[in-house]
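# Architecture at a glance
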Amino acid sequence: MNKFQVRRVRFTHPKWLAKKPRIWNYQVLGFFLFLALGLFDSPALAHRVLVFAHATGDTIHTESKFVPDSPVRQGRVQVSDQKTGQVLVSGKTDEKGKFSFKIPSDAAAQKMDLKIVVAAGQGHQGEWLLKAAAYLPEAKAAPGATPPPSSPAASASIPAAPGAKTAAVDTHLLETTVNQALERQLAPINKQLAELAVRRTSLTDIIGGFGYILGFFGIWAYFQSKRKKDS
Amino acid sequence: MHISEGVLSPAVLAGGAGLAVLGTAIGLKKMDYEAIPRVAILSAAFFVASLIRVPVGPVGLHLVLNGLLGLLLGWAAVPAILIALVLQALLFQFGGLTVLGVNTVIMAAPAVFCFYAYRPLLRRPGKPAAVGAFACGASAILLSGLLAAGALITTGEAFLQVAELALAAHIPVMIIEGIITLFIFRFIKKVRPEMLEGMYE
């Protein structure tokens, strides 16, 4: 009843209404709404650095970004041998988060698995492991490298061509062309695969986290209460 | 603010872990039976705060809420933050398990510091308390940024440069956190003042 009266008074005196702290409820509601929007608006993985690398020809291209989607500018890239940790190449990403380098001859010769680490500054870092198998077939096709063992066999299998030598060159050329075309076609798919490999935060993770916290403090409270009873 | 795995040297990691263990021990000792639910709730709040993106700056930043935890929990903020960080590392891959100690220190030390620094201001009624709450939220972020920059010197990044970057990047978050801390402080003071009893001991 009292409440009712107060309400009537309020509507007749707007100045007085402004002074009432009732408005807090709306502010609080709005505040939580704002938080909720922020929570569900984004894929929620800020600050994780995703690195992706692929080879075309004798060049390895890398691309780095903060998940979900903003490039790592001026990130320090360091390419090293996975086994020994020996640094082979280092550099900086450009404005689009990209960095390319020629395959080091050591890496190609020793079939190194390349570990590509991108430091984005302020302690953010991501890495990508480029296996030797993923970039070496291209290295073989590169001019100057030792001819692949498969190409003489391939040329031998071509029956009695008038010029055996031209046939060998042709298969070689064909292989390179096909490889290049494949790389071009597969690059987006590889990139998508890399992005899929990144675990995204799901609602299950969030709710699970709450569960763990409640469980942990529940256990703590349980032991505390026992101690309280005992003493 | 979460430092990734593999960035820091073992010595820094060990130092951070030692400090985190010490802080957690003090926090658990000071945490009495009645405080446990409060610590749990705020630990959960801290856990999800990092998922709330603040759409500013080149990277997009997230909330931290360590000032709020400090304000409401004092030393008990250390175990609360530690647990939340463990779960963030496991479930969200924020930071990592080896950097857990360092990350805990980076976020919990400013919380405890702000608790003691702003307590006198927060005890006073009216405007000083509001200013204190805002400053508590904002300066906790600032201090965390500086601590992170300090930890990163050892990796060869120049301190001033990193600190400057951290400062510039965190100014929007500082303001937002200040406002949020102010809101929550005033709200709790109004509807559940007994939650603030830790401040008056």
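Positions within a chain are numbered from 1, following the residues in the order the chain's sequence is written. All chains are assigned letters beginning at A, and all ligands numbers beginning at 1, according to the order in which they are written. The model is predicted, so local features are restricted to residues of pLDDT at least 70 and side-chain atom pairs to those at 80 or more, both for listing and for counting; the totals for chains, interfaces and linings are taken over all residues. The side-chain numbers reported here are obtained from all heavy atoms of the structure, hydrogens and water having been left aside.

### Concerning the overall build of chain B
A tally of helices and strands in chain B yields seven helices and two strands. The way it works is that DSSP assigns letters per residue, a run of H or I at least four long becomes a helix, a run of E at least two long becomes a strand, and they are numbered from the N terminus. Counting from the amino terminus, chain B carries its helices and strands in the arrangement α-α-β-β-α-α-α-α-α. For a compact globule of 201 residues, the expected C-alpha radius of gyration is about 17 Å, and chain B comes in at 16 Å, within 12% of that figure. If one aligns the C-alpha atoms of chain B with their principal axes, the spans along those axes are about 45 × 35 × 30 Å. Per-residue burial for chain B yields a buried fraction of 57% across its 201 residues. Here, residues are in contact when the closest pair of their heavy atoms is within 4.5 Å. When contacts within chain B are restricted to residue pairs at least 6 apart in sequence, long-range pairs at least 24 apart make up 75% of them. Counting rule for charge: Lys and Arg are taken as positive, Asp and Glu as negative, and neither His nor the chain ends is counted. Just so you know, the charge point we use is NZ for Lys, CZ for Arg, CG for Asp and CD for Glu. Considering chain B, the positive charge centre built from 12 side chains and the negative charge centre built from 9 side chains are found 11 Å apart. Radius of gyration here is computed from C-alpha atoms only, and the compact-globule reference equals 2.2 Å multiplied by the residue count raised to the power 0.38. Using a 1.4 Å probe on the protein chains alone, a residue whose accessible area is under 20% of its type maximum counts as buried, one over 50% counts as exposed, and one in between counts as partly exposed.

### Some details on the nonpolar core
The definition of a nonpolar core used throughout is a set of buried Ala, Val, Leu, Ile, Met, Phe, Trp, Tyr and Cys residues joined through side-chain atoms within 4.5 Å. Formed by 77 residues in total, the largest nonpolar core has its most connected members in B:I3, B:L8 and B:L73. The set of elements that each furnish at least two residues to this core consists of α8 (203-230) of chain A together with α1 (10-30), α2 (36-49), α3 (66-73), α4 (77-92), α5 (100-123), α6 (127-153) and α7 (159-191) of chain B. The greatest single-element share of this core, amounting to twelve residues, is contributed by α6(B). With residues up to four places along the chain from it excluded, the contact list for B:L8 reads B:I3, B:L13, B:V99, B:V102, B:A151, B:L152, B:T154 and B:T155. Grouped together as the second largest cluster of nonpolar side chains are 22 residues, A:F101, A:I116, A:A132 and A:Y135 included.

### Focus on the confidence of the model for chain B
All names here are of chain B. How sure the predictor is of each residue is captured by pLDDT, a score from 0 to 100. The share of residues in chain B with pLDDT of 70 or more is 92%, and the mean pLDDT across the chain is 85. The secondary-structure element of chain B with the lowest mean pLDDT is strand β1 (residues 53-54), recorded at 68, while α1 shows the highest, at 93. Reported confidences for the modelled complex are a pTM of 0.71 and an ipTM of 0.79.

### Some remarks on the pattern of salt bridges
Residue and element names in this part refer to chain A. Definition used for salt bridges: Asp or Glu carboxyl oxygen within 4 Å of a side-chain nitrogen of Lys or Arg. Going through the model one piece at a time under the given rule, you end up with one salt bridge over all chains. Measuring nitrogen to oxygen at the nearest pair gives 3.8 Å for the salt bridge that ties D58 to K102. Residue D58 is found in the loop between β1 (49-56) and β2 (59-66), and its partner K102 is found in strand β6 (residues 98-102); the two are separated by 44 residues along the sequence.

### With respect to unusual backbone geometry
Phi is positive for A:K111, which is not a glycine, with a value near 50 degrees. With respect to the helices and strands, the residue A:K111 is situated in the loop between α4 (105-110) and β7 (114-121). The phi torsion at B:L65 lies on the positive side, around 70 degrees, for a residue other than glycine. Position of B:L65 relative to the elements: it lies in the loop between β2 (61-62) and α3.

### Thoughts on the pairing of strand β4 (residues 76-81) of chain A
All names here are of chain A. Strands qualify as paired when DSSP identifies two bridges or more between them. With five bridges connecting them, β4 and strand β5 (residues 87-92) associate as antiparallel partners. Within the sheet, the bridge partner assigned to S80 lies in β5 and is V87. Linking two consecutive strands that pair antiparallel, namely β4 and β5, is a turn of five residues; a positive phi of about 80 degrees is found at G85 within it. Here β4 pairs with β7 via six bridges, running antiparallel. Residue pairing for β7: S80 is matched across the bridge by K115.

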